[in-house]
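Next come the chains, spelled out residue by residue.
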Amino acid sequence: VLALPVLIKQALENTEVEEGKSVSLRCELSKADATVVWKKGEATLQASAKYEMKQKGTVAELVIHNAEPEDA
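Residues numbered from 1 in each chain as written. Predicted model: local features only at pLDDT ≥ 70, side-chain atom pairs only at ≥ 80, totals over all residues. Heavy atoms only, no water.

### Some points on the nonpolar core
The condition is simple: Residues belong to one nonpolar core when they are buried, are Ala, Val, Leu, Ile, Met, Phe, Trp, Tyr or Cys, and are joined through side-chain atoms within 4.5 Å. To sort residues, take the accessible area from a 1.4 Å probe on protein chains only and compare it with the maximum for the residue type: under 20% means buried, over 50% means exposed, and anything in between is partly exposed. Helix numbering and strand numbering both begin at the N terminus, where a helix is a DSSP run of H or I of at least 4 residues and a strand a DSSP run of E of at least 2. Any two residues whose heavy atoms approach within 4.5 Å are treated as being in contact.
By size, the foremost hydrophobic cluster in this structure holds 11 residues: Val23, Leu25, Cys27, Leu29, Ala34, Trp38, Leu45, Tyr51, Ala60, Leu62 and Ile64. Broken down by secondary-structure element, the contributors of at least two residues to this core are strand E2 (23–29) and strand E6 (59–64). For this core, the element with the highest residue contribution is E2, accounting for 4 residues. If we skip the residues at most four places from it in the chain, Val23 touches Thr15, Val17, Leu62, Val63 and Ile64.

What follows is the structure, given as structure tokens:
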């Protein structure tokens, strides 16, 4: 039995935020509870006080706390 690949149904959108504030980035997937890896360039982001990863059903969310210009 072949498994269908997970597709991004709704991609991330560019979002602006004031420096020092939190911002939430969301995408919608074609399968619920698929494994999501968040990256900045080639670096994989890890959950920390700065980066919060959430996932509910088909929606994956990355919250960046205390946003800085380097987070662009």
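### What to know about the pairing of E2
The criterion, for reference: We call two strands paired when DSSP finds no fewer than two bridges between them.
Side chains Val23, Leu25, Cys27 and Leu29 of E2 all project onto a buried face; the interleaved residues Ser24, Arg26 and Glu28 project onto a face where none is buried. The sheet contact formed by strand E1 (residues 8–10) and E2 spans 2 bridges and is antiparallel. Bridge pairing links Gln10 to Glu28 in E2. Across 6 bridges, E2 lies against E6 in antiparallel orientation. Considered in E6, the bridge of Leu25 is made with Leu62.

### Remarks on the layout of surface pockets
Where empty space is left can be seen by rolling a probe of water-molecule size over the atoms. Where we set the bar: Site definitions follow a grid-based scheme: protein atoms alone, a 1 Å grid, a 1.4 Å probe that fits but cannot get out for cavities, and for pockets an open set with protein on both sides within 12 Å along at least five of seven lines, plus lining residues having an atom within 4 Å of a point. Grid points are joined across faces, edges and corners, and a volume is the space filled by probe spheres set on the points. Just so you know the grouping, Ala, Val, Leu, Ile, Met, Phe, Trp, Tyr, Cys and Pro go in nonpolar, Asp, Glu, Lys and Arg go in charged, and all remaining residues, Gly too, go in polar.
If you add up the space inside the largest pocket, you get close to 500 Å³. Where the lining of the largest pocket is concerned, the elements lending two or more residues are E2, strand E3 (39–40) and E6. Class assignment of the residues belonging to the lining of the largest pocket gives a composition of 12 nonpolar, 2 polar and 8 charged. Empty space within the second largest pocket amounts to approximately 170 Å³. For the second largest pocket, the lining is made up of 13 residues, of which Ile8, Cys27, Leu29, Val36 and Val37 are closest to its centre. The class makeup of the residues in the lining of the second largest pocket is 11 nonpolar, 1 polar and 1 charged.

Interpretation in functional terms is not warranted from these geometric data alone.
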